[in-house]
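# Understanding the architecture of this molecule
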Amino acid sequence: MVLHKLLQLPFRICYDLPKGRGTTKKKSWWQRTRFYSHFVHKRPWYIATLLPLLLVWAVWFPCIGGLNQWHLYTDRYFLVVAMLFASLVAGFLSQGTGGLSFPVMTLLFAIAPLVARDFALLTQAVVLSGASFAIIYQNIPLETNAILFSSVGGAFGLVFALQWIAPLVHDTEAIMNFVSLWIGFGAAVFWLRRECDKETHLEIPNCSNWKAFVLMVTGFCGGMLTAMFGTGLDLSVFSCLALFFRIHVNTAAPTGVVIQMINSLVAVAFKLLFMGGFQQAAVLDWVASLPFVSLGAPLGTVCLSFVNRTWVSGVIYLVALAQFVYAISTLTINTDIIFFVVVIIVTTTGLFLLLAKLGEKLVDVENKGYIFDSDDEDENDDVYGATPMSSYESLPSMEELRAGKKKMERREISSDGVDYYDDDEEELLQDADRDIGRLESSGWSPYGRKSSLYPSTKNSNAAAAAAAAAAESAHLLGPTGTGNSPQPYL
């Protein structure tokens, strides 16, 4: 018996073997590995945060040490420290690092805007790739239609502006344009906080041709901003999704990060292939700052998980106002630039206000008081049919979904390791786990209780349907579905 247990020990380390005899596991060998259980099924946050960072360091340190390029820090240590804090704030705000590195380099260190733009593109191509990996690895909800159409429009806008617009913009004009756009973005965040109790979605409902065109135009304008400042597409897409299409911020923000990553990679490839590469000063600054920027951005994201969204809004207001005041007080500006700055601030603020008003009209036209109004489903269906808003109180609570799921998961433990699930039940449980995770990340609560991350989206159409679908598919509730005690499927 002792020899038998010793022979099984190596396999128990790698696999979750059943303790009883004569039982068969329905899971495949890959699903029974501890690697799959801990890193694929559970998807811990520390793997999503540390893996890209360790990969960058594993490539960067041998290259710098082997080439003996430590002299880069003799006259750049102040810039490196500033980029560390800038990337920390950028991660805290869930934005690209270029949104903070561009004003720091141009205002504090008097670096040319074109050099700061190239630095931002190179940095975001690496840092946002790691952030996108973390988003996809943790199954954070994304708006795939926005990623597709805005990336296409952003690529065209980027190439157009790199060739014909960016070379014509002077240094002072570029800096003032950037800080003015941030003032407009602060106004958009203010309006978004003001409209926090309005209806939101997890994805664009019924993405038709005209909505795809709106996303492409938004991407085109954002790509032009990226060509001039190294960033801007993420802010444009975020504002359009949150204000116009009423996408929840927990979906709009990571979607903007992924789109900005794609646009930065396109910019790096285009400049290397067709524009002779990047300026040498930008490359040297990027090489010196890369390991520290790669550390600051994920640390900022971790800090974000411990604070309320009100803090994020306050930091955005502070950054926008501080860089605008500092730019006016330090730069030499004439009457034409002042007039142009006023026009930009008024235009961007008015545009965001218009998007918010049009978003309200769009919700009224499409929903008309119903969760879904699809011709493809039965109107009497309780989950996907035309369900009035008043029936939200009949939806299960998040606590009931979690409790029922935990009871199902305890079956295997309480039965001495014997797995009674068949393939269909295992798939249903995984689907319920995925839907619950999406609801947790969206901050939705069917009874109007506010999330610690962001105000409750009580009227969220997609979240409501996902909650009912998860409860029904996993058999977590009784047939009435009226919020009674969860009944596990036994």
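See the structure shown above.
Definitions and limits used
- Residues numbered from 1 in each chain as written.
- Predicted model: local features only at pLDDT ≥ 70, side-chain atom pairs only at ≥ 80, totals over all residues.
- Heavy atoms only, no water.
- Helix = DSSP H or I, 4+ residues; strand = E, 2+ residues; numbered from the N terminus.
- Buried < 20%, exposed > 50% of the residue type's maximum accessible area, 1.4 Å probe, protein only.
- Contact = heavy atoms within 4.5 Å.
- Areas by Shrake-Rupley, 256 points an atom, 1.4 Å probe, with all protein chains shown as cover.
- Core = buried A, V, L, I, M, F, W, Y, C linked by side-chain atoms within 4.5 Å.
- Patch = residues over 30% accessible without salt bridge, like charges linked within 9 Å, V, L, I, M, F, W, Y side chains within 5 Å.
- Salt bridge = Lys/Arg side-chain N within 4 Å of Asp/Glu carboxyl O.
- Phe/Tyr/Trp six-rings, centres within 6.5 Å; stacked < 30°, edge-to-face > 60°.

## Considerations on the overall build of the protein chain
Helix and strand content of the protein chain: 17 helices and 0 strands. Relative to its full complement of 490 residues, the protein chain shows a buried share of 48%. Across the protein chain, every contact between residues at least 6 apart in sequence was considered, and the portion connecting residues at least 24 apart equals 78%. When the accessible surface of the protein chain is summed, it comes to about 24300 Å², and 65% of that surface belongs to carbon and sulfur atoms.

## So, the nonpolar core
Counting residues in each nonpolar core, the largest one holds 73 residues, and the members touching the most others are M83, W182, L241, L243 and F245. Sequence-distant contacts of W182, defined by excluding residues within four places in its chain, comprise L93, Q95, G99, L100, L235, I316, V319, A320 and Q323. The next biggest cluster of nonpolar side chains, apart from the first, holds 12 residues, and it includes L122, M224, A227 and F278.

## Considering a nonpolar patch on the surface
A cluster of nonpolar residues, L148, V152, F156, F160, W164, M216 and F220, forms a patch on the protein surface that exposes about 670 Å² of accessible area. Breaking the nonpolar patch down by element, the ones donating at least two residues are α7 (144–164) and α9 (209–229). By residue number, the principal contributor to the nonpolar patch is α7, which donates 5 residues. Relative to the assigned elements, F220 resides in helix α9. Using a relative accessible area of 30% as the deciding quantity, one classes F220 as partly exposed.

## Focus on the packing of aromatic side chains
Tallied over the entire structure, the rule returns 22 aromatic pairs. A ring pair is formed by F160 and F220, whose centres lie 6.1 Å apart and whose planes are at 35 degrees; its orientation type is tilted. With F160 in helix α7 and F220 in helix α9, this residue pair connects regions lying 60 residues apart in the sequence. For F160, a relative accessible area of 35% gives the class partly exposed. On the numbers, 5.2 Å between centres and 40 degrees between planes, the contact of F270 with F274 is tilted. In this pair, F270 and F274 are both assigned in helix α11 (residues 249–274), 4 residues apart and thus about one turn of the helix distant. F270 sits in the buried class, given a relative accessible area of 13%. By relative accessible area, F274 is classed as exposed at 58%. Three or more aromatic residues joined by ring pairs form one cluster here, namely W57, W60, F61, W70, Y73 and F292.

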